[in-house]
Each structure stands twice: as C-alpha cells, then as structure tokens.
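Commentary on secondary and tertiary structure
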Amino acid sequence: MFLSKSKKIFTFVIISLFLLCNSYAAQNSRIVKIGYLDGGEFIKYQTRIYSGYCVDYLEEISNYTNWKYEFVQDTWENLQEQLGNGLIDFVFMVHYDEKIANEFLLSSMSIGEELVGVYVNPEADLYYGDYKRLDDMKVGLVNFPVYVEKVDRLETTYNLNVKKQFYQNAAEVKEALKNNEIDFAILGNVFNSPSDEIKLIGLFEYNPYYCMTSKENKPLMDDFISALRRSKIENPEFESSLY
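Residues numbered from 1 in each chain as written. Predicted model: local features only at pLDDT ≥ 70, side-chain atom pairs only at ≥ 80, totals over all residues. Heavy atoms only, no water.

A few points about unusual backbone geometry
With phi around 65 degrees, N66 is a residue other than glycine that occupies positive phi space. Topologically, N66 is positioned in the loop between α2 (53-65) and β4 (68-73). The exposure class assigned to N66 is partly exposed, which follows from its relative accessible area of 27%. (Helix = DSSP H or I, 4+ residues; strand = E, 2+ residues; numbered from the N terminus. Buried < 20%, exposed > 50% of the residue type's maximum accessible area, 1.4 Å probe, protein only.)

The structure is reproduced here in structure tokens:
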C-alpha cells in the first residue's frame with residue numbers, strides 16, 4: 001500500500017514538473033520575424049519548408065532562446081523600412097557599412113563569411129583573371145555597399161570603365177546575366193547554388209556578415225548575442241559544419 005502510494009506521488013510530481021516546464025517554455029517562447037532577400041543556399045523555401053545555412057543557424061540559436069521564426073522575403077530597401085517600423089525583428093546576412101551601422105544595430109559577432117566573385121555566362125570568351133577585358137562592359141549587382149566597393153576596386157586597379165546595373169536581388173542579377181542584359185555579375189557565394197549556370201572568373205577576399213536589428217531592439221539583440229556566445233562555447237564546430 002505504501003509503495004503504491006509513493007509511486008502515485010512520484011508520478012504526480014513528475015507530471016507536474018513536466019507541465020510546469022512546458023508552461024514555462026510556452027510563456028518564454030516568442031515569434032521572431034526574420035527578413036531576407038532571395039535566399040539562394042542561404043535561405044531556401046521549397047514545399048512550404050525553409051532550409052539552408054541561415055535556417056540551421058537560427059535553429060541552433062533557438063536551442064538557447066526558445067524562439068520560433070517567421071520569414072519575410074523582400075527587397076533590401078523594404079527590409080530596412082520594415083525593420084525601422086518594427087514589422088520585422090532581424091535582417092540576416094548584412095555586411096558592415098558605416099551608414100548602416102549608424103542607422104541600425106549590427107551584431108557584435110559575425111554569423112559567417114561571404115566570398116564575393118565575378119561571374120559570366122559559361123559561353124563567354126572570358127577566363128579567370130581576365131579583368132582588363134571587362135572594360136566598357138555592363139555589370140549587374142545588388143546595391144550593397146560591399147558589392148559596389150568591389151566594382152569600384154576593379155575599375156581603379158585595372159583602369160576600367162564599367163556600367164553598373166542594379167537589381168533587387170541575386171536572382172534578378174543571375175536572370176539578367178542569363179538573358180545577356182549584362183556582361184558580368186558581382187555575386188556572393190551564399191546566394192549561389194550548384195544548379196546555377198555561371199562561370200567564375202575572379203574572387204575577392206572573404207567578407208564577414210552580421211545580423212541587423214533596429215536600435216530600439218537592443219534587448220533582443222542582447223539575447224541573440226548571449227545565445228551565440230553559448231553556442232560557440234558548447235558547440236564550437238557548429239558554424240563551420242554549415243559551409
């Protein structure tokens with residue numbers, strides 16, 4: 001009789017603790033809205049499922065924050081506006097730029113690195129290192145400061161005069177390249193995929209990228225950085241395993 005009663009008490013305590021933990025987790029869970037451009041391999045959306053580097057990264061962060069996510073795809077300009085208006089919480093994969101850093105809050109730790117390259121159509125009569133032959137050609141790129149700087153550097157280093165054509169996202173750049181609307185493109189490797197029919201003719205150095213939020217959203221950024229630090233201590237190989 002005593003043993004049976006003890007078992008009942010023990011079972012009651014275990015169930016109570018389980019319900020308490022679930023209740024606590026539910027109360028401390030929040031929906032975090034992530035803004036992004038077209039994802040490439042960074043964020044992929046297929047058959048109503050999100051995957052890719054950023055998604056895996058965020059799932060790792062949620063192990064420490066209990067966050068749930070919603071993803072919002074839009075143009076770079078619109079994402080900045082939505083961030084400023086509080087309609088989204090973070091924009092991921094943002095390169096450091098002084099103007100951006102003055103207007104928004106960038107994470108104090110990077111969340112990865114992007115390798116920016118020069119790409120042409122496979123049939124183009126251009127090969128690796130043929131920078132001088134790009135003179136008077138039209139280049140397509142997204143209007144990110146880090147991409148613009150790469151074009152400016154090519155012009156200065158090789159005495160080129162190229163015509164910049166800006167697009168809303170990398171998918172539009174690659175489509176323009178495919179349709180011969182531009183002669184070459186500046187693209188980051190995180191936006192490329194193995195199925196892309198493009199030829200690499202040049203590479204720049206790696207550029208770290210960060211997540212960005214509004215300056216009013218500092219507590220949320222603090223939570224993100226705290227989780228990121230814990231992840232790097234407890235799971236130091238995680239980030240490198242995503243590449």
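Considerations on the packing of α2 against helix α7 (residues 218-234)
Put simply, α2 and α7 touch, their axes get as near as 9 Å, and they point 100 degrees apart. The orientation of α2 relative to α7 falls into the category roughly perpendicular. From α2, Y57, E60, I61, Y64 and T65 reach across to α7, where they touch D223, F224, A227, L228, R230, S231, K232 and E234. In terms of residue class, the contact of α2 with α7 is built from six nonpolar, two polar and five charged. (Axes fitted to C-alpha atoms, helices over the stretch in contact; angles between N-to-C directions. Parallel < 35°, antiparallel > 145°, perpendicular 65-115°, else oblique. Contact = heavy atoms within 4.5 Å. Nonpolar A, V, L, I, M, F, W, Y, C, P; charged D, E, K, R; others polar.)

Comments concerning the state of the cysteines
Per the stated rule, a full pass over the model turns up zero disulfides. Free of any disulfide, C54 has its nearest cysteine sulfur in C211, 9.2 Å distant. A residue is classified by how much of its surface remains accessible, and C54, at 1% relative accessible area, is buried. (Disulfide = S-S within 2.5 Å.)

Looking at the side chain of E60
Its location among the elements puts E60 in helix α2. Despite its burial, E60 pairs with no opposite charge; the closest candidate is R230, at 9.2 Å N-O. (Lys, Arg positive; Asp, Glu negative; His and termini not counted. Salt bridge = Lys/Arg side-chain N within 4 Å of Asp/Glu carboxyl O.)

Here's the deal with the packing of aromatic side chains
Evaluated as defined, the whole model comprises 16 aromatic pairs. A centroid spacing of 4.5 Å and a plane angle of 35 degrees characterise the contact between Y45 and Y50, whose relative ring orientation is tilted. Here the aromatic rings of W76 and F144 are separated by 5.3 Å at their centres, their planes lie at 80 degrees, and the arrangement is edge-to-face. Of this pair, W76 sits in helix α3 (residues 76-84) while F144 is found in the loop between β8 (138-142) and α5 (145-158), placing the two residues 68 residues apart along the sequence. The class for W76 is buried, based on a relative accessible area of 8%. For F144, a relative accessible area of 4% puts it in the buried group. (Phe/Tyr/Trp six-rings, centres within 6.5 Å; stacked < 30°, edge-to-face > 60°.)

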